[in-house]
Amino acid sequence: MVSQVKGSLQRERWTSPYVSVIIPVMNERRTLRSVIRQAYRVHPHTEVIAVVNGSTDGSLRIARQMGATVISYKSALGHDVPRAIGALHAKGEVLLFIDADMVISVAKLQSFVKAVSDGVDVALNDYSGPIHKVVVHRVVLAKHALNLLIGRTDLQGASMTAIPHAISRRALIRIGASALAVPPLAQVMAIRDGLQVERIQQAVHVGKINPIRTGRTRNYWLIPMIVGDHLEAIDWWINQSGCREVPLQRSAPTHPRLSKQAQNPTIAAIVNVTQSSNAIQLQLKRLSRLPIQKVVIVLPDQLVHDSIFLQMLQQIHQTVEIICAQGSDDPDHGRAIGAQLANTDIMLFVDEVSELSTRTMLAMLSKFRGRKTADIVLGVGRMTPVPFYQRNDSSRLNEFINTCLNQRRLKANNLTNLPFAISKQALDIIGVENLGIPVKAHVIALLHKLSITTVRVSSVSSRRRGALPHRISVGHYFEALDEALQKQGARLTYVDRFRKRELVGVHNLYDGSKF
């Protein structure tokens with residue numbers, strides 16, 4: 001439809017604007033003339049809408065002199081609200097959004113108009129931020145996490161939060177202009193509605209054109225606000241699609257035992273075994289040097305009936321209890337079963353291949369003694385720092401969750417990876433059943449402000465064999481995030497106090513008034 005409209009321009013005069021360029025303006029007299037001049041050149045039939053708000057430097061006069069359609073407000077409207085207001089007044093078939101403080105070449109702007117003219121509903125800037133760094137900006141992390149969660153990894157860090165971007169009139173009608181006041185929300189609404197959302201290959205490196213201005217006070221509230229926008233989008237997505245899109249089917253476990261257990265143990269080790277190998281023998285020998293009263297070994301289905309393997313385990317360790325998470329497709333389910341059987345004061349979780357020294361494991365257990373006792377101890381690997389773009393999905397999501405819950409010091413570390421140790425008191429708060437969804441257990445621990453500390457270990461293990469299907473794994477993250485969003489609200493602690501959402505017909509439920 002849009003392509004046909006564009007084609008008709010070659011045959012007859014177009015009496016109304018085909019492209020509406022929307023420019024929020026607040027004290028941008030230095031660049032405003034050049035920005036408007038470039039905007040008028042993107043198409044022969046273009047209207048430029050300047051939403052001037054809170055300006056005191058003459059920007060209003062400049063916008064009028066340049067022939068823009070001016071919508072003026074004496075006070076500042078807050079971030080992104082001017083975009084929504086401009087969209088409400090736009091007449092074009094293509095709406096192009098730019099900022100007044102960045103002069104972008106006509107050729108690059110035209111690529112966004114062309115994409116929408118060719119059928120794309122939302123054309124995003126192919127800019128993912130400085131992902132070559134090891135530690136990335138919180139906004140960059142949030143953009144990648146959101147796209148990953150909603151199944152659009154192809155978008156990488158492309159987002160409607162960044163400019164330039166363009167949308168079709170069809171997209172405007174479907175998602176509504178008011179949603180544009182919270183760009184990540186508008187983006188997930190478009191994707192959920194089945195609109196064609198794509199990143200445009202001609203990237204505009206806005207980070208170079210307009211680097212972060214550290215001298216501006218607004219950066220102290222702007223960055224948390226944008227993180228909150230992404231959480232609000234996630235909350236909307238959960239409400240629309242359900243917390244876990246692929247529910248897990250869990251069967252009742254069976255518990256074949258090889259020997260009687262020690263009475264009233266205080267420390268237990270839970271060992272996740274994924275394959276029959278000599279590694280388990282070495283791990284059990286290491287554990288035998290610790291003050292442990294019980295070792296619970298969690299076996300996959302294929303090993304529970306392996307009599308030779310079971311006999312070998314019995315010969316190595318006389319206090320071994322073997323159980324099997326029968327019929328479960330979730331490798332983490334065994335952790336919950338093992339903890340329930342162990343029922344000790346402290347539980348150390350390892351797998352069969354981690355080469356943990358006795359000294360390291362004793363260091364982890366020692367954190368539960370002394371004046372400042374820990375509730376949870378995470379094993380942190382000694383690894384060479386990896387650039388953000390090389391990290392896997394779980395690592396990015398783990399860091400995003402820690403960041404959102406104000407625990408960025410933990411980086412990407414949580415209960416998903418082994419080894420870790422936990423006290424029974426902490427496990428009673430978290431709920432032993434939630435160990436089957438480690439990231440949810442971690443979120444519950446953070447929400448209850450449990451003491452989480454770390455110990456350097458030689459290696460850290462994540463899921464290798466029998467890894468969860470991607471949809472179920474992402475479902476775990478949704479369930480974990482929903483736990484936090486239900487407890488603290490749709491934006492957690494990242495409140496939105498500065499946007500005047502009521503001007504576009506949206507009551508602000510996230511201004512922090514309930515906190």
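Scroll up a little and you will see the structure.
Just so it is clear, the structure is predicted and the values come from calculations on it, not from any experiment.

**As for the overall build of the protein chain**
Inference 1: Along its length, the protein chain carries 19 helices and 14 strands.
Inference 2: Per-residue burial for the protein chain yields a buried fraction of 58% across its 515 residues.
Inference 3: When contacts within the protein chain are restricted to residue pairs at least 6 apart in sequence, long-range pairs at least 24 apart make up 79% of them.
Inference 4: Working note: accessible area of the protein chain is about 22,700 Å², and carbon and sulfur atoms make up 49% of it.

**Looking at the packing of aromatic side chains**
Inference 1: For the structure shown, the criterion picks out two aromatic pairs.
Inference 2: Ring geometry for Phe349 and Phe420: centres 4.6 Å apart, planes at 20 degrees, overall stacked. Here Phe349, found in strand β11 (residues 346–351), pairs with Phe420, found in strand β13 (residues 420–423); they are 71 residues apart in sequence, far enough to count as distant.
Inference 3: Assessed through its relative accessible area of 1%, Phe349 is described here as buried.
Inference 4: Cation over ring: Arg192 sits above Trp237, and NZ or CZ is 5.2 Å from the ring centre.

**Topic: unusual backbone geometry**
Inference 1: At the junction of Ile163 and Pro164, the peptide bond is cis and its omega measures out at -10 degrees in the coordinates.
Inference 2: Here Pro164 shows up in the loop between α6 (138–149) and β6 (165–168).
Inference 3: Backbone torsion omega between Leu418 and Pro419 reads 5 degrees, so that peptide bond is classified as cis.
Inference 4: Mapped onto the elements, Pro419 comes out in the loop between α16 (393–404) and β13.
Inference 5: In this structure, Asn343 is a non-glycine residue whose phi angle is positive, near 50 degrees.
Inference 6: For Asn343, the position within the fold is in the loop between α14 (333–342) and β11.
Inference 7: Phi is positive for Lys411, close to 55 degrees, though the residue is something other than glycine.
Inference 8: Mapped onto the elements, Lys411 comes out in the loop between α16 and β13.

**Remarks on the sheet that holds strand β4 (residues 94–97)**
Inference 1: The seven strands are arranged β3-β2-β1-β4-β6-β5-β7 in an open sheet whose pairing can be described as mixed. Bordering the open sheet on either side are β3 (69–73) and β7 (197–200), each of which pairs with just one other strand. Sheet twist, expressed as the average angle between the axes of neighbouring strands with direction ignored, equals 20 degrees.
Inference 2: Running over the sheet, helix α4 (residues 81–89) touches β1 (19–25), β2 (46–53), β3, β4 and β6 and is turned about 140 degrees from β2.

**Details of the nonpolar core**
Inference 1: Membership of the largest hydrophobic core comes to 95 residues, with the highest contact counts inside it found for Ile167, Leu180, Ile234, Phe349, Phe400 and Ile422.
Inference 2: When residues no more than four places from it in sequence are discounted, the contact partners of Ile422 are Asp345, Ile346, Met347, Phe349, Phe368, Asp375, Ile376, Leu427 and Ile430.
Inference 3: Listed in part, the 36 residues of the second largest apolar core include Val42, Ala50, Val94 and Ile163.

**Quick word on helix α2 (residues 29–40)**
Inference 1: Taking 1.5 Å per residue, 12 residues should reach 16 Å; α2 reaches 17 Å between its end C-alpha atoms and fits that length.
Inference 2: The elements touched by buried residues of α2 are β1, β2, α3 (59–65) and α5 (106–117).

**Details of the pattern of salt bridges**
Inference 1: Under the counting rule described, the total for this entry stands at 19 salt bridges.
Inference 2: Note that Asp126 and Arg199 form a salt bridge whose closest N and O atoms lie 2.7 Å from each other. Linking Asp126 in the loop between β5 (122–125) and α6 with Arg199 in strand β7, this pair joins segments that are 73 residues apart in sequence.
Inference 3: Judged by relative accessible area, which is 15%, Asp126 ranks as buried.
Inference 4: For Glu483, the salt bridge is made with Lys487, and the minimal N-O distance between the two is 2.9 Å. In this pair, Glu483 and Lys487 both sit in helix α19 (residues 470–488), four residues apart, roughly one turn of the helix.
Inference 5: Glu483 sits in the buried class, given a relative accessible area of 18%.
Inference 6: In the salt-bridge network here, residues are joined through shared partners; they are Asp80, Arg83, Asp229, Glu232, Arg491, Asp496, Arg499 and Arg501.

**Concerning a positive patch on the surface**
Inference 1: A surface patch of like charges, here positive, comprises Arg29, Arg33, Arg37 and Arg61.
Inference 2: Here Arg37 lies in helix α2.

**Things to note about the packing of α16 against helix α18 (residues 438–447)**
Inference 1: Close contact between α16 and α18 brings their axes to 11 Å; oriented N to C, the two are set at 15 degrees. Compared by their axis directions, α16 and α18 come out roughly parallel. As for the relative orientation of α16 and α18, their crossing is right-handed in sense. Contact with α16, carried on its side by Asn398, Ile401 and Asn402, involves Val439, His442, Val443 and Leu446 of α18 and no other residues of that element.
Inference 2: Grouping the constituent residues of the contact of α16 with α18 by class yields four nonpolar, three polar and no charged.

**So, the packing of α6 against α16**
Inference 1: Viewed as axis vectors pointing N to C, α6 and α16 meet at an angle of 125 degrees, and their least axial separation amounts to 9 Å. In terms of orientation, α6 lies oblique with respect to α16. Considering only the axes of α6 and α16, their crossing is left-handed. Every residue of α16 that contacts α6 at Arg138, Leu141, Ala142, His144, Ala145, Leu148 and Leu149 is listed here: Asp393, Arg396, Leu397, Glu399, Phe400 and Thr403.

**A look at the pairing of β13**
Inference 1: Going residue by residue along β13, you find Phe420 and Ile422 tucked away on one face and Ala421 and Ser423 tucked away on the opposite face as well.
Inference 2: By the bridge criterion, four bridges tie β11 to β13 in an arrangement that is antiparallel. Within the sheet, the bridge partner assigned to Met347 lies in β13 and is Ile422.
Inference 3: In this sheet, β13 lies alongside strand β12 (residues 376–381) in antiparallel orientation, the contact comprising three bridges. Across the sheet, Leu378 pairs through a bridge with Phe420, a residue of β13.

**Things to note about the environment of Arg41**
Inference 1: With respect to the element layout, Arg41 can be found in the loop between α2 and β2.
Inference 2: Remark: the alpha-carbon pair of Arg41 and Leu109, spanning 68 residues in sequence, is separated by 9.3 Å.

**Re the side chain of Thr31**
Inference 1: With respect to the element layout, Thr31 can be found in helix α2.
Inference 2: For Thr31, a relative accessible area of 9% translates into the label buried.

Criteria and thresholds
Residues numbered from 1 in each chain as written. Predicted model: local features only at pLDDT ≥ 70, side-chain atom pairs only at ≥ 80, totals over all residues. Heavy atoms only, no water. Helix = DSSP H or I, 4+ residues; strand = E, 2+ residues; numbered from the N terminus. Buried < 20%, exposed > 50% of the residue type's maximum accessible area, 1.4 Å probe, protein only. Contact = heavy atoms within 4.5 Å. Areas by Shrake-Rupley, 256 points an atom, 1.4 Å probe, with all protein chains shown as cover. Phe/Tyr/Trp six-rings, centres within 6.5 Å; stacked < 30°, edge-to-face > 60°. Lys NZ or Arg CZ within 6 Å of the ring centre and 35° of its normal. Pairing = 2+ DSSP bridges. Axes fitted to C-alpha atoms, helices over the stretch in contact; angles between N-to-C directions. Core = buried A, V, L, I, M, F, W, Y, C linked by side-chain atoms within 4.5 Å. Expected span 1.5 Å × (residues − 1). Salt bridge = Lys/Arg side-chain N within 4 Å of Asp/Glu carboxyl O. Patch = residues over 30% accessible without salt bridge, like charges linked within 9 Å, V, L, I, M, F, W, Y side chains within 5 Å. Lys, Arg positive; Asp, Glu negative; His and termini not counted. Charge placed at Lys NZ, Arg CZ, Asp CG, Glu CD. Parallel < 35°, antiparallel > 145°, perpendicular 65-115°, else oblique. Left-handed = near helix turned anticlockwise from the far one by under 90°. Nonpolar A, V, L, I, M, F, W, Y, C, P; charged D, E, K, R; others polar.

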